[in-house]
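# Remarks on the overall topology
Now for the letters of each chain:
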Amino acid sequence: MPDVAAGASATSDVALVQRRTVRVLAAGQVLTGVAFGSTLSLGALLAADLSGQEALSGFATAAVTLGAALTAIPLARLAARRGRRFALSTGNVAALVGIAVVILAAATRAFPMLLVGIALIGAGNAGTLQARFAATDLASTSRRGRDLATVVWATTVGGVVGPLLLAPGEVLGAGIGMPRLTGAYLFSFAAQACALALYVLVLRPDPLLLAQRQARAATAGAVGDTVTDRPLLARYAMFAVAASHVTMASVMAMTPVHLSHIVAPDAVTFAVGVTIALHVFGMYGLSPVFGILADRVGRIPVVLLGQVLLAAALAVAAALSWSQAGVLVALVLLGLGWSAATVAGSALLTEATPVDARPRRQGRSDTLMTACAAVGSIVAGLILGGAGYGGLALWALVPVVAVCLGAVWVRVRG
């Protein structure tokens, strides 16, 4: 009887820690969302301005995704050794340095330096991406999708506010003599600094280190459940998340440049800010709904729902590429599709992997996702120049079809 009571007490304590962890991670996502929202909106415009070639605008998104790709595995290894708090904080520091480098690059008109700064911001984003996995470290199977989605949803606040700060940021930046298109980075720097303080001071106990101790206790015969390794499902989850991210990132990265051609010059900044803000809302705003669906109807069905939404977005973008309203609708649908696939795919990867192997696989997943998106963004710029925005949308259907075929393959092999 005492063993049963001790087990129940331990379970209750872990549940309390998990609820606190989710709240802290959600607050951190609000702050990093503000910081990253400006980068998404300004990166392509700054790249086109400093390079003098619109075809190179995709290099901004390529740089931020490449920075995330190169640091995802090192940050995951750091998390495995030192815990989530240390890894997330390291990402915040990299982003703070990156923001300073971007402002310096704009002041000196140095395009290569701009890409270095954006890549460092991407390293910070690698940490931000891993926050969603931190939400699953202590989560029960019945709530894993919901807890993950709650942290993803929290990015909505910052992600929507960030792009809307472009115009006020420009006014503020101009008032203190900052280079054009960099004023909003002041808000980004402040938000990243606050997120750093939050993780360092409040994310205690560390969720991953506690989950690892639980797993070792379960193996030794104490309370807790062991997780069966299912590598086939894990590989499909990584592929689905990466392919969905490529589809989203390649079209989203080129949208600011495309809008600059179909919107009056004096309204470009406002149009880009509103469009990206609503796109980011699509990415994160309904993630709790997709998390609940993933818990109730299954991970793979929700991944496929994401592909349906992505396909609808691409169809609208191809058919209404000349319309600002059409582009806006396409970007919202694109965000919703990404959200469904990412929430369900990330939950699937976590539950198909034992605790000790999770940081490694999660790091590989983020590396694959961001590296593919980096290549996709470069290719997207070339396609935009040759086939236009509508042609780019049609090419982006290829990963969507591949994910659907992969689901059939997993079902046959599984």
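Note that the coordinates shown come from a computational prediction; the quantities given were computed from them, not determined experimentally.

This part takes up unusual backbone geometry. Between arginine 204 and proline 205 the backbone carries a cis peptide bond, its omega angle lying at -5°. Tracing the chain through its elements places proline 205 in the loop between helix 7 (185–202) and helix 8 (207–219). Located in the positive-phi region is arginine 109, a residue other than glycine, with phi close to 60°. Along the chain, the position of arginine 109 falls in the loop between helix 3 (84–108) and helix 4 (111–134).

Turning our eyes to something else, we now look at a positive patch on the surface. On the surface, Arg77, Arg81, Arg82, Arg360 and Arg364 cluster together to form a positively charged patch. Of all the elements in the fold, those that place two or more residues in the positive patch are helix 2 (58–82) and helix 14 (358–395). Here the element with the most residues in the positive patch is helix 2; it accounts for three residues. Structurally, the position occupied by arginine 360 is in helix 14.

Moving on, we get to the packing of aromatic side chains. Per the stated rule, a full pass over the model turns up one aromatic pair. Taking 5.5 Å as the distance between ring centres and 85° as the angle between the ring planes, the aromatic pair formed by tyrosine 284 and tryptophan 338 counts as edge-to-face. Of this pair, tyrosine 284 sits in helix 10 (residues 268–284) while tryptophan 338 sits in helix 13 (residues 324–351); the two residues are 54 residues apart in sequence, bridging distant segments of the chain. A cation sits over an aromatic face here: arginine 82 above phenylalanine 86, 3.9 Å from the ring centre.

Low pLDDT marks stretches whose predicted atomic positions should not be read closely. Averaged over every residue, the pLDDT of the protein is 87; the share at 70 or more is 93%. Of all helices and strands in the protein, the one with the weakest mean pLDDT is helix 1 (residues 2–51) (77), whereas helix 12 (residues 299–319) scores best (97). In this model residues 1–8 is a low-confidence stretch, pLDDT under 50, and it forms one contact with partners more than four residues away in sequence or in other chains.

Mapped onto the secondary structure, histidine 258 falls in helix 9 (residues 231–262). Contact partners of histidine 258, with chain neighbours within four places excluded, come to Ser321, Val327 and Tyr389.

Following the criterion strictly, the structure yields nine salt bridges and no others. For arginine 132, the salt bridge is made with aspartate 366, and the minimal N-O distance between the two is 3.0 Å. With a gap of 234 residues between them, arginine 132 in helix 4 and aspartate 366 in helix 14 connect regions that are remote in the sequence. Using a relative accessible area of 4% as the deciding quantity, one classes arginine 132 as buried. For aspartate 147, the salt bridge identified is with arginine 143, shortest N-O distance 3.3 Å. Judged by its relative accessible area of 6%, aspartate 147 falls in the buried class. Here arginine 143 falls in the partly exposed class, since its relative accessible area comes to 36%. Here the salt bridges do not stand alone but share partners, grouping Arg144, Asp295, Arg299 and Glu351 into one network.

Thresholds applied
Residues numbered from 1 in each chain as written. Predicted model: local features only at pLDDT ≥ 70, side-chain atom pairs only at ≥ 80, totals over all residues. Heavy atoms only, no water. Helix = DSSP H or I, 4+ residues; strand = E, 2+ residues; numbered from the N terminus. Patch = residues over 30% accessible without salt bridge, like charges linked within 9 Å, V, L, I, M, F, W, Y side chains within 5 Å. Areas by Shrake-Rupley, 256 points an atom, 1.4 Å probe, with all protein chains shown as cover. Salt bridge = Lys/Arg side-chain N within 4 Å of Asp/Glu carboxyl O. Lys, Arg positive; Asp, Glu negative; His and termini not counted. Charge placed at Lys NZ, Arg CZ, Asp CG, Glu CD. Phe/Tyr/Trp six-rings, centres within 6.5 Å; stacked < 30°, edge-to-face > 60°. Lys NZ or Arg CZ within 6 Å of the ring centre and 35° of its normal. pLDDT = per-residue confidence, 0-100. Contact = heavy atoms within 4.5 Å. Buried < 20%, exposed > 50% of the residue type's maximum accessible area, 1.4 Å probe, protein only.

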